[in-house]
Amino acid sequence: MKGYIVETKKYLYGIGVSDGIAIGPAYVVRRAKVDVFERTIPRSEIDSERERFRRVIRKTTDELEAIRERMAKTTGESTARIIDAQIYLLNDPKLIDPIIEGIETELKNAEILFERQIDKIIAEFSEQHSGNTFALERVQDLYDLKNLVLSNLVGVRNYVVGNPDEASILVIPHLAPSESVQLLNKNIIGIVTERGGETSHIAIIARTMEIPAVVGVPEATEKISDKTLLILDAQKGIVIPNPDSETVKKYREKEGIYISRKAKFLQTRTQIPITLDGHRVTVLANIELPEQVELVKRYGGEGVGLFRTELLFISQEEFPSEERQFELYKSVISLLAPQPVIIRTFDIGGDKLTYSMGQKLDPNPFLGLRAIRIGIVQPHILKTQLNAILKSSAFGNVKIMFPMISNLEELQKAISIYEECKRTLAGKRVKFNENIELGIMVEVPSAAISSRYLAEYVNFFSIGTNDLIQYTLAVDRGNQKVAHWYQSFHPAVLKLIKETVSSARLANIWVGVCGEMAGDPRATILLLGLGIDEFSCVPMRIPIIKSIIRSVRYKDAQQVAEEALKCKSHTEVVELLNTKNKELLPSFILNNAIVPMQIPKLTPAI
């Protein structure tokens, strides 16, 4: 292909954080380390050096505020808040004062003092949160701030993403929050980064802007040359440098199928998800930011089944005030009214952490102080959020969901705090819906097993399959060394789902699924047959899930579920689903939405 660099084809693997396929030349941006040299200044230059440093801090702050303003106008206020933590730290006396003091007492230049102080802050934060993927993504934000300030001090522009002259795939070590806005109105059709994860700011922005992205590709900028033809498969997390003509042809066809499939499935977005024999369920969306409400509407979501509120504040130095939260929730609820919006209270801890927690990481964060446990131990956090949600309930149909409930005492305590908030607001004559539906995430085996008792206290269950699988099978879903043991269709997992559904039926409450399984087309018939009333998934998957539901009979789905529950292994369930999906679904769905599952080999490289 004319104009492209030719290299040996080799697949690169990372984490797909959005949907879609991109094919185009690589636009490689490499980061040169900002060289900082130690220099002793004469006493006569103390004032000028001090003023030079303050001038750079003001300049960098102004740059960040301008970027924040532009980001707020284009991608929304919530994504723009990613910049707030950097602005906050940049003007924090803990960072600034030691540098001013060092100029005056050590007679050293501002660059070396700044580098020394921010490296100290980064080291302290990294030590406190070692092993926490979510926290390490926040560490990267600190490195971004360090390089931005040093670039201004030294006088180089190291953090500028240019505009390629043709539609290209950006390949970059890491995209700083301050750089994300540079993607707008540019010829960027895909993104590949060396660092980042599913909760990184670039992952959130890629999903919001619907740009195919693969993050966490080691040494991508070294292995890919500028102008090299790339194929980016965001769904599978694959990057293919310089593919042969046969591979290009195959992916061009896939790209065309993806586009036509998307258009075809979109035709069902306004249709009711009802089976051929009249069984009605609902299909809602999982969202992280208010800006994604437009995606919910575009893809035909019947509301929001999971609003992950903690991701609004991933980079914040302080927990958001009640008023700030109220405005955010109100904006989402009012835009979707009368459709429901299920707000999950902060699920912080485990692989999710905010600067504002100010606590050291638990030795085992997934089994430590996280989610509802933090709300119980630090009730002011939960009360602030519940007050904001209650106040916003006057503007639409909101429901509240507590995460990681593991026993009845936790649920009773959470409800007690909720009732206290209601009494406080009522005493202040604040308007709110006094009959908000309360639910819990069933994501711990103990909750599923004791769901019969928990059901007496709530209006609904929502099964978080991601955590339920990893807690049931003792498999870290983020650890590639044990990825083969993460089995979504393990018989134990299916039995826990069935037990939860049975408990819900006895209590006459509804039950949904909001984990990744809800958006997996291969699992739709099985979940339908197990008795799931609500499917909540990423917005782009909604039309596909609706199409599958409208193509089968509930009676047949129940039969599939009965057979699956008799299986003795994950392998047997997978083989059953591959066969039954092929038997029951029309060819259009089979050819465009169902990828037969492979049987995993339990021999990962360690």
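Let me begin by describing the structure that accompanies this report. (Residues numbered from 1 in each chain as written. Predicted model: local features only at pLDDT ≥ 70, side-chain atom pairs only at ≥ 80, totals over all residues. Heavy atoms only, no water.)

## Observations concerning empty space enclosed by the protein
Part 1 of the argument: Across all of its chains, the model carries five cavities of 30 Å³ or more by this definition.
Part 2 of the argument: Taken as a whole, the largest cavity encloses approximately 110 Å³ of empty space.
Part 3 of the argument: Considering the residues around the largest cavity, the lining is formed by Asp19, Tyr258, Arg261, Lys262, Phe265, Leu266, Tyr299, Met540, Arg541, Pro543 and Ile544.
Part 4 of the argument: Mapped onto the lining of the largest cavity, the elements with two or more residues apiece are helix H10 (245–266) and helix H21 (542–549).
Part 5 of the argument: Ranked by the residues each element gives to the lining of the largest cavity, the list is headed by H10, at five residues. (1 Å grid on protein atoms, 1.4 Å probe; cavity = no way out; pocket = protein on both sides within 12 Å on 5 of 7 lines; lining within 4 Å. Points joined across faces, edges and corners; volume = space filled by probe spheres on them. Helix = DSSP H or I, 4+ residues; strand = E, 2+ residues; numbered from the N terminus.)

## Re the pattern of salt bridges
Part 1 of the argument: Enumeration according to the criterion identifies 31 salt bridges in this entry.
Part 2 of the argument: Salt-bridge contacts for Glu51 lead to Arg58; the nearest nitrogen and oxygen are separated by 2.8 Å.
Part 3 of the argument: In this structure Glu51 comes out as partly exposed when scored by relative accessible area, which is 33%.
Part 4 of the argument: Glu420 is the partner of Lys383 in a salt bridge, and the nearest nitrogen-oxygen pair spans 2.9 Å. On the criterion of sequence distance, the pair formed by Lys383 in helix H14 (residues 379–392) and Glu420 in helix H15 (residues 408–427) is long-range, its members being 37 residues apart.
Part 5 of the argument: Overall, Lys383 belongs to the partly exposed group, its relative accessible area being 26%. (Salt bridge = Lys/Arg side-chain N within 4 Å of Asp/Glu carboxyl O. Buried < 20%, exposed > 50% of the residue type's maximum accessible area, 1.4 Å probe, protein only.)

## Side note on the sheet that holds strand S10 (residues 304–308)
Part 1 of the argument: As summarised here, the arrangement of the eight strands in space is S9-S10-S11-S12-S13-S14-S15-S16, forming a closed barrel in which the pairing is parallel. For this sheet, the mean angle separating the axes of adjacent strands, direction not counted, is 25 degrees.
Part 2 of the argument: Across three bridges, strand S12 (residues 397–402) lies against strand S13 (residues 438–442) in parallel orientation. If you follow Phe402 over to S13, its bridge partner there is Ile440.
Part 3 of the argument: In this fold helix H12 (residues 322–336) packs onto strand S9 (282–287), S10, strand S11 (340–344) and S12, with an angle of close to 155 degrees to the strand it touches most, S11.
Part 4 of the argument: Of the strands in this sheet, S11 and S12 touch H14, which is tilted by about 160 degrees from S12. (Pairing = 2+ DSSP bridges. Axes fitted to C-alpha atoms, helices over the stretch in contact; angles between N-to-C directions. Contact = heavy atoms within 4.5 Å.)

## Some words on H15
Part 1 of the argument: If you check H15, its first and last C-alpha atoms are 29 Å apart, about what 20 residues at 1.5 Å a residue would give, namely 28 Å.
Part 2 of the argument: What H15 keeps buried is the set Glu410, Leu411, Ala414, Ile415, Ile417, Tyr418, Cys421, Lys422 and Leu425. An end-on view of H15 places all buried positions within 155 degrees of arc, on one side of the element. Set apart from the buried face of H15 by more than 90 degrees, the exposed residues are Glu409, Arg423 and Gly427.
Part 3 of the argument: On its buried face, H15 is in contact with helix H13 (372–377), H14, S12, S13 and helix H17 (451–454). (Expected span 1.5 Å × (residues − 1). Arc of directions from axis to C-beta.)

## Some details on the packing of H10 against H21
Part 1 of the argument: Contact geometry of H10 with H21 gives a least axis separation of 9 Å together with a crossing angle of 60 degrees. When the axis of H10 is compared with that of H21, the two are oblique. As H10 packs across H21, the resulting crossing turns out to be left-handed. Contacts from Arg261, Phe265 and Leu266 of H10 reach H21 at Pro543, Ile544 and Ser547.
Part 2 of the argument: Looking at the contact of H10 with H21 residue by residue, the class counts come to four nonpolar, one polar and one charged. (Parallel < 35°, antiparallel > 145°, perpendicular 65-115°, else oblique. Left-handed = near helix turned anticlockwise from the far one by under 90°. Nonpolar A, V, L, I, M, F, W, Y, C, P; charged D, E, K, R; others polar.)

## Some thoughts on the pairing of S9
Part 1 of the argument: Extensive coverage of S9 is indicated by the burial of five of its six residues.
Part 2 of the argument: Taken together, the four bridges between S9 and strand S16 (residues 534–537) define a ladder with parallel strand orientation. Paired with Thr282 across the two strands is Glu534, which belongs to S16.
Part 3 of the argument: Summarising the sheet, S9 and S10 pair through three bridges and their orientation is parallel. Residue pairing for S10: Ala285 is matched across the bridge by Val304.
Part 4 of the argument: With helix H11 (residues 293–298) bridging S9 and the parallel S10, this β-α-β connection has right-handed handedness. (Right-handed = clockwise from strand over helix to strand, strands pointing away.)

## What to know about the environment of Asn397
Part 1 of the argument: The residue Asn397 is located in strand S12 in this model.
Part 2 of the argument: Linking Asn397 and Gly303, residues 94 residues apart in sequence, is a C-alpha distance of 9.4 Å.
Part 3 of the argument: In contact with Asn397, not counting residues within four places along its chain, are Ile333, Pro338, Gln339, Pro340 and Val341.
Part 4 of the argument: At 3.4 Å, the side chain of Asn397 forms a polar contact with the backbone oxygen of Pro338. (Polar contact = N/O pair within 3.5 Å; in protein donor to acceptor, adjacent residues only side chain to side chain.)

## Details of the packing of aromatic side chains
Part 1 of the argument: The tally for this structure, following the rule as stated, stands at five aromatic pairs.
Part 2 of the argument: Where Phe326 meets Phe395, the ring centres are 6.0 Å apart and the plane angle is 55 degrees; that geometry is what we call tilted. Taken as a pair, Phe326 in helix H12 and Phe395 in the loop between H14 and S12 lie far apart in primary sequence, 69 residues in all.
Part 3 of the argument: Lys254 extends its terminal NZ or CZ atom over the ring of Tyr251, reaching a point 4.6 Å from the ring centre. (Phe/Tyr/Trp six-rings, centres within 6.5 Å; stacked < 30°, edge-to-face > 60°. Lys NZ or Arg CZ within 6 Å of the ring centre and 35° of its normal.)

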